[in-house]
Amino acid sequence: MNVMYASDDNYAEIMGVSILSLLKNNTEISNINIYIVEDGISQDNVRKIHDMVEVYHRNVFFLKKPDIRGKLGVELKTLRWSDSAYSRLFLKELFEEFETVKKLLYLDCDTMIVASLQKLWETDIRDYLGAACLECMSNMHKKIIGAKKTDNYVNTGMLLLNVEKWINDNIEAEVSKFIKRYHGKTEYVDQGVINGTVSNQFKLVSPRYNLTALAYDFTYEEMQIYRKPQFGYRKREWEKAVENPAVIHFTTSFLSVRPWYEGSGHPYAKIWQEYHEESPWKDAVYRKMKNRKWRDRKEKLYNKTPRWIAIRIAGILHAYVKPIMYLLQ
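Just so you know, these numbers come straight off a predicted model, no measurement behind them.

Draft legend 1. Spatial organisation of the overall build of the chain. When its secondary structure is counted, the chain shows 15 helices and nine strands. A sequence separation of at least 24 residues applies to 80% of the contacts in the chain between residues at least 6 apart. Once the 49 positive and 42 negative side-chain charges of the chain are each reduced to a mean point, those two points are 8 Å apart.

Dropping the structure here:
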């Protein structure tokens, strides 16, 4: 299994916990090679990652982040994200020295693996650019990246990538053209790029491989009201995934705090913290949210409002107001 992460030093600790959860839950796989696209990760964190991976007799390789701004010739407007998020789009440059890497599992740093990924890894993607999970997203979010209502919208926190096809089909040129067309500004950075270009070329897999905060903040019915998707997973498939997840993706949410911050109430926060205690970063203190008071006020207001009203107001804000505000930024 070939696994890729991308991180700067600020997220190295969080990525390290994700890697540890991957290693502990995939011991039956004969060989795992981990490729980390690094953007200024400190030598101390590099050493910790090396030492941790060696305990499990796996391999880790550190790759330099491509000069994405130089390649594109445009100023990237990534807002709260790092340039590293775009790295997974440039597979040819990253893996030109690793010709045996034909297939690759990309994982965001803010994921936690809680079950074997062998079945996911064995997914047949020979005729696809990769495999991914649908994101619950309204048509307005599709519209601002030039996608159609009927196009898939996937979450890029987990991507099983057909590296060979990605390179042979010259997808790098297609995504580069898209980024330039939008002058270096796309909603949700690389996720916006993939959904504006090639999302329909991905095979869809069970949502258990990429369960975001939505899965634990809302019921299935509430999620449809809040996010207003054109289509998505059926209720039973979604609920089975929530009951038996493989990859927990700690996305940002106004209703839950991610587990590396003080006071997290996420249902999987305790398990993440247990992995953290086993990791080389066990002595690191939990972080403080810069906008915690504002987030807590929003949550308090939401909880004071009758839930059926609050969900509909939140839905209008996310489905319509948020994309409009993004265009105005």
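Draft legend 2. A look at unusual backbone geometry. Positive phi, normally seen in glycine, also occurs at tyrosine 188, with a value near 60 degrees. Following the sequence through the fold, tyrosine 188 ends up in the loop between helix H8 (171–181) and helix H9 (190–197). Non-glycine residue lysine 228 carries a positive phi angle of around 50 degrees. Residue placement: lysine 228 occurs in the loop between helix H11 (220–227) and helix H12 (235–243).

Draft legend 3. Structural detail: the environment of glutamate 174. Inspection of the secondary structure assignment puts glutamate 174 in helix H8. Residues glutamate 174 and glutamate 54 lie 120 residues apart in sequence; the distance between their C-alpha atoms is 38 Å. Once residues lying within four places of it in the same chain are set aside, the contact partners of glutamate 174 are Thr197 and Val198.

Draft legend 4. Inspection of the sheet that holds strand E1 (residues 2–8) at higher detail. Read from one edge of the open sheet, seven strands run E3-E2-E1-E4-E7-E6-E8, paired in mixed fashion. Sheet topology places strand E3 (59–64) and strand E8 (202–204) at the edges, where each strand pairs with a single neighbour. Put simply, the sheet's adjacent strands are angled 30 degrees from each other on average, direction ignored. Packed onto the sheet, helix H1 (residues 12–24) meets E1 and strand E2 (33–39) and runs at close to 165 degrees relative to E1. Packing of helix H2 (residues 43–55) onto the sheet brings it into contact with E2 and E3, and relative to E3 it is tilted by some 155 degrees.

Draft legend 5. Quick look at the nonpolar core. Counting residues in hydrophobic clusters, the biggest one holds 67 residues, and the most contacted among them are Tyr5, Ile19, Ile34, Leu105 and Leu117. Among the elements that make up this core, the one with the highest residue count is H1 (eight residues). Within the second largest apolar cluster, 43 residues are counted, among which are Met4, Tyr86, Phe95 and Val189.

Draft legend 6. Geometry of the pattern of salt bridges. All chains considered together, the criterion is met by 21 salt bridges. For the salt bridge of arginine 227 with glutamate 135, the shortest nitrogen-to-oxygen distance reads 3.8 Å. With arginine 227 in helix H11 and glutamate 135 in the loop between strand E6 (130–134) and helix H6 (139–143), this pair connects stretches of sequence that are 92 residues apart. A salt bridge links aspartate 296 to arginine 292; its shortest N-O distance comes to 3.1 Å. On the criterion of helical spacing, the pair formed by aspartate 296 and arginine 292 is a turn pair, its members being four residues apart in helix H14 (residues 292–304). For aspartate 296, a relative accessible area of 32% puts it in the partly exposed group. Residue arginine 292 is classed as partly exposed on the basis of its relative accessible area, which comes to 22%. In the salt-bridge network here, residues are joined through shared partners; they are Asp44, Arg47, Lys48 and Asp51.

Draft legend 7. The environment of proline 207, seen in detail. Looking at the element boundaries, proline 207 is found in the loop between E8 and helix H10 (214–217). Separated by 26 residues in the primary sequence, proline 207 and tyrosine 233 have C-alpha atoms spaced 7.8 Å apart.

Draft legend 8. Here's a closer look at the pairing of strand E4 (residues 103–107). The buried count for E4 comes to four of five residues, which makes it a mostly enclosed element. With five bridges joining them, E4 and strand E7 (residues 154–162) adopt antiparallel strand pairing. Its bridge partner lying in E7, lysine 103 is registered against asparagine 162.

Draft legend 9. Broad picture of H2. Over its 13 residues, H2 runs 19 Å from end to end, which matches the ideal 18 Å to within 8%, given 1.5 Å per residue. For H2, the set of buried residues is Asn45, Val46, Lys48, Ile49, Met52 and Val53. Down the axis, H2 shows its buried residues gathered within 160 degrees of arc, on one side only. Exposed and facing more than 90 degrees away from the buried side of H2 are Gln43, Glu54 and Val55. Check the buried side of H2 and you find it contacts H1, E2 and E3. Looking one or two residues beyond H2, the residue adopting positive phi is histidine 57, at roughly 60 degrees.

Cut-offs applied
Residues numbered from 1 in each chain as written. Predicted model: local features only at pLDDT ≥ 70, side-chain atom pairs only at ≥ 80, totals over all residues. Heavy atoms only, no water. Helix = DSSP H or I, 4+ residues; strand = E, 2+ residues; numbered from the N terminus. Contact = heavy atoms within 4.5 Å. Lys, Arg positive; Asp, Glu negative; His and termini not counted. Charge placed at Lys NZ, Arg CZ, Asp CG, Glu CD. Pairing = 2+ DSSP bridges. Axes fitted to C-alpha atoms, helices over the stretch in contact; angles between N-to-C directions. Core = buried A, V, L, I, M, F, W, Y, C linked by side-chain atoms within 4.5 Å. Buried < 20%, exposed > 50% of the residue type's maximum accessible area, 1.4 Å probe, protein only. Salt bridge = Lys/Arg side-chain N within 4 Å of Asp/Glu carboxyl O. Expected span 1.5 Å × (residues − 1). Arc of directions from axis to C-beta.

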